[in-house]
Amino acid sequence: MNKNIAVIRGDGIGPEIMEEALKVLNKVAQKFGHEFTYTEVYGGGAALEKYGHPMPQVSVDQCLASDSVLLAAVGDPKFNDVAPELRCEKGLLKIRSEMGLYANVRPAKMIPQLADACPLRKDIADKGIDFVVVRELIGGIYFGKRKTEVVNGEKVASDEMKYSEHEIERIGRVAFDMARKRRKKVTSVDKANVLDSSRLWREVMHRVAAEYPDVEYDDALVDSTAMQIVRDPSRFDVMVTENLFGDILSDEASMITGSIGLIPSASLGEGTRGLYEPIHGSAPDIAGKNIANPIGQILSAAMMLRYSFDMPAEAQAIEDAVGAALDAGWRTVDIMCDGMKQATCSQMGDIIASYI
Ligand code: NAD
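The structure displayed is predicted, hence computed values, not measured ones.

**A short note on the domain arrangement of the protein chain**
Here is step 1: Each assigned domain of the protein chain is listed here: domain 1 (1-115 + 257-356) and domain 2 (119-129 + 142-241).
Here is step 2: Put simply, the middle of domain 1 and the middle of domain 2, counted by C-alpha atoms, are 26 Å apart.
Here is step 3: The interface is formed by ten residues belonging to domain 1 together with six residues belonging to domain 2.
Here is step 4: Summed over both partners, the interface of domain 1 with domain 2 buries about 850 Å², with 74% contributed by carbon and sulfur atoms.
Here is step 5: Sorting the residues of domain 1 by area buried against domain 2 places Y102, M110 and Y307 first, and these three jointly supply 53% of that buried surface.
Here is step 6: Between domain 1 and domain 2 we count zero salt bridges in total.

**Details of the site of the ligand**
Here is step 1: Within the structure, the ligand sits among 20 residues, and V74, G281, A283, D285 and N293 are positioned closest to it.
Here is step 2: Measuring from a nitrogen atom of the ligand, one finds a side-chain N or O atom of H280 at 3.2 Å.
Here is step 3: A distance of 2.7 Å separates an oxygen atom of the ligand from a polar backbone atom of G281.
Here is step 4: Its free accessible area being 810 Å², the ligand has 66% of it covered by the protein chains.

**Some words on the side chain of E314**
Here is step 1: Structurally, E314 is set in helix α11 (residues 312-327).
Here is step 2: Buried charge E314 goes without a salt bridge, the closest partner of opposite sign being R306 at 8.8 Å.

**A short note on unusual backbone geometry**
Here is step 1: At A283, a residue that is not glycine, the phi angle is positive and equals roughly 40 degrees.
Here is step 2: The residue A283 is located in the loop between β12 (274-278) and α10 (295-307) in this model.
Here is step 3: Of note in the backbone geometry, D310 takes a positive phi value of approximately 50 degrees without being a glycine.
Here is step 4: Residue class for D310 comes out exposed when judged on its relative accessible area of 59%.

**Points about the pattern of salt bridges**
Here is step 1: Overall, the coordinates contain 28 salt bridges when judged by the stated rule.
Here is step 2: Among the ionic pairs, E40 bridges to R9, the shortest N-O distance being 2.8 Å. Highlighted residues: E40 in strand β2 (residues 35-40) and R9 in strand β1 (residues 2-10), separated in sequence by 31 residues.
Here is step 3: Residues joined in a network through salt bridges with shared partners are E165, E169, R173, E203, R207 and E211.

**Brief notes about the packing of helix α6 (residues 165-180) against helix α7 (residues 196-210)**
Here is step 1: The interhelical angle for the contact between α6 and α7, taken along N-to-C directions, is 45 degrees, at an axis separation of 9 Å. In terms of axis orientation, α6 runs oblique to α7. At the point where α6 passes α7, the crossing takes the right-handed sense. Listed contacts from α7 to E165, I168, E169, I171, G172, R173 and F176 of α6 are L200, W201, V204, M205, R207, V208 and A209.
Here is step 2: Each residue belonging to the contact of α6 with α7 can be placed in one class, and the counts come to nine nonpolar, one polar and four charged.

**What about the packing of helix α8 (residues 222-231) against helix α9 (residues 243-255)?**
Packed helix pairs are characterised by how far apart their axes lie and by the angle those axes make with each other.
Here is step 1: As a packed pair, α8 and α9 sit with axes 10 Å apart at the nearest point and diverge in direction by 10 degrees. Taken together, α8 and α9 sit at an angle that is classed as roughly parallel. When α8 is examined against α9, the residues V222, T225, A226, I229 and V230 are found in contact with a partner set consisting of F245, L249, E252 and A253.
Here is step 2: Among the residues making up the contact of α8 with α9, the classes are represented as seven nonpolar, one polar and one charged.

**Here's the deal with the pairing of strand β9 (residues 216-221)**
Here is step 1: As paired elements, strand β8 (residues 185-190) and β9 share six bridges and run parallel to each other. Bridge assignment links V189 to a residue of β9, and that residue is A220.
Here is step 2: Where the polypeptide runs from β8 across α7 and back to β9, its parallel neighbour, the crossover connection is right-handed.

**Looking at the nonpolar core**
Here is step 1: L25, F36, L70, V134, L305 and I352 are the most contacted members of the largest nonpolar core, which has 69 residues in total.
Here is step 2: Split by domain, the residues of this core number at least three in each of domain 1 (1-115 + 257-356) and domain 2 (119-129 + 142-241).
Here is step 3: With residues near it in sequence (within four places) discarded, V134 still touches N104, V105, I171, V174, A175, M178, V238, M239, V240 and T241.
Here is step 4: Within the second largest apolar cluster, 18 residues are counted, among which are L120, V133, V189 and L249.

**Looking at the sheet that holds strand β5 (residues 130-136)**
Here is step 1: A sheet is described by the order of its strands in space; here ten strands give the open sequence β2-β1-β3-β12-β11-β4-β5-β10-β8-β9, paired in mixed fashion. The open sheet terminates on both sides in strands that have one partner only, identified here as β2 and β9. Across the sheet, the mean angle separating the axes of adjacent strands is 25 degrees when strand polarity is ignored.
Here is step 2: In terms of strand pairing, β1 meets strand β3 (residues 68-73) through five bridges, oriented parallel. Opposite I5, over in β3, you have S68 as the bridge partner.
Here is step 3: Those strands touched by helix α1 (residues 14-32) are β1, β2, β3 and β12, and its axis lies near 165 degrees from that of β1.
Here is step 4: Against the sheet, α7 engages β5, β8, β9 and β10 (238-241), with an angle of about 175 degrees to β9.

About the cut-offs
Residues numbered from 1 in each chain as written. Predicted model: local features only at pLDDT ≥ 70, side-chain atom pairs only at ≥ 80, totals over all residues. Heavy atoms only, no water. Domains from an automatic or database assignment. Contact = heavy atoms within 4.5 Å. Buried area = accessible area lost by both parts, 1.4 Å probe. Salt bridge = Lys/Arg side-chain N within 4 Å of Asp/Glu carboxyl O. Near = heavy atom within 4 Å. Polar contact = N/O pair within 3.5 Å; in protein donor to acceptor, adjacent residues only side chain to side chain. Areas by Shrake-Rupley, 256 points an atom, 1.4 Å probe, with all protein chains shown as cover. Helix = DSSP H or I, 4+ residues; strand = E, 2+ residues; numbered from the N terminus. Buried < 20%, exposed > 50% of the residue type's maximum accessible area, 1.4 Å probe, protein only. Lys, Arg positive; Asp, Glu negative; His and termini not counted. Axes fitted to C-alpha atoms, helices over the stretch in contact; angles between N-to-C directions. Parallel < 35°, antiparallel > 145°, perpendicular 65-115°, else oblique. Left-handed = near helix turned anticlockwise from the far one by under 90°. Nonpolar A, V, L, I, M, F, W, Y, C, P; charged D, E, K, R; others polar. Pairing = 2+ DSSP bridges. Right-handed = clockwise from strand over helix to strand, strands pointing away. Core = buried A, V, L, I, M, F, W, Y, C linked by side-chain atoms within 4.5 Å.

Structure follows, in C-alpha cells:
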C-alpha cells in the first residue's frame, strides 16, 4: 500500500522522537512491502516562527490532503508570552477541529517489562492493566457557553455542559467498534444521578449498545470509576466518556501504567484519517540532548497503522519490537533502573527498528 503521512515534528524533543518513529515506519514499509511518503508540516512554535501562526492554513491543508497525521509535540517556552490566540495549544485545537476529530483514544496498558514503574499494589497490577479510554473531544463543557458576570456585587462564573444525541451516538459507535476488535466490553461513564447531559448520554448509549448485542455493556458513575481505576483496572476493556470526565480519567489511566514517555494516543473522526501523538509535551528541559524516550511516539505510529491504515500485523510488529527491545534490557534514562542498559533516543530507535 502507498500512504502519505503528514509529519508534524513540532518543538522541543519533537524532531528527535519523530526521527525514531520514521526510522521504525521505514523498516515496517520495507518488511511488509508498503510505501510511506512523508509530508513535512509546520506546527507549534516552529510554525509560529515561519508563518506567524501555530497552525497556518497551509499546514491544515497539508494534513487534510494526507492519509493520516503523525504529530510529535508542540510548545516552546520562548513563545509563552505570545497573544492567547497564537499559543501553541491553540494550534492543536485548530487542527483537531479542522480535521473533525471528535474521539480521543488513549490506551492504558501496562508494559510487563516496566511493571516496577506501576504505582499500584503488585496484587492489583498483576491482574493486568489493558484498557482504552475513548473520550469525546469536541463537545461538552470545554466548548459550551461560558460567562463571568457580577451579581449582587460579586463575580459569578458559569460553564455550560451540553451534548446532542448525534454527538453521543457517534462517539458511542467508536467505542463499540473498538471493543469488537478487543475483549468486547464497553463501560460508559457518566454522572446520570445528577446531570441532565449525563442522563441523555446514558439513554443514547443504551440505544447504541442495542446495535451491538455481541458486546457486553455497563454504565458507571464517574466518581466510582475514578476509584475502580486504581482498585481494579482489570475490569475495564473500552471506557467511553464525555470530554471533561475523559480528560481527567485518561490522565489517571495513563499514570497507573508508569512513565509518561511511553504512552501513545489517537484522535479520530469520520473516515480513516486520524491524528496520532504521544501524550507527553515537548519536554524543553531535555530537548537537543538525544536522551528523550521515543517509545510513545513509536507506539503512536503503530496506532496509526492499526486504526487509519488497517494494518494490524504491521502495528503488532512495532509493539512486539518495543517489547523485544525492553526484554533485551534497553532503557532510555527516564525509565533506567539497576541492571539495565542505557540507550540514547536514537539508539533506542535503532534497536526497536532492528527487531521489526
Ligand atoms: P512535558 O510532557 O513536556 O514534560 C513533563 C516532564 O516529563 C519533563 O520533565 C520532561 O522532561 C518529561 N518527559 C516528557 N516526555 C518525555 C519523553 N518522551 N522522554 C523522557 N522524558 C519525557 O510537559 P510540560 O513540561 O508541562 O510541557 C512542556 C511543553 O509542552 C509546554 O510548552 C506545553 O504546553 C507543551 N505540551 C504539549 C503537548 C502536545 O503537544 N500535545 C502536551 C502537553 C504539553
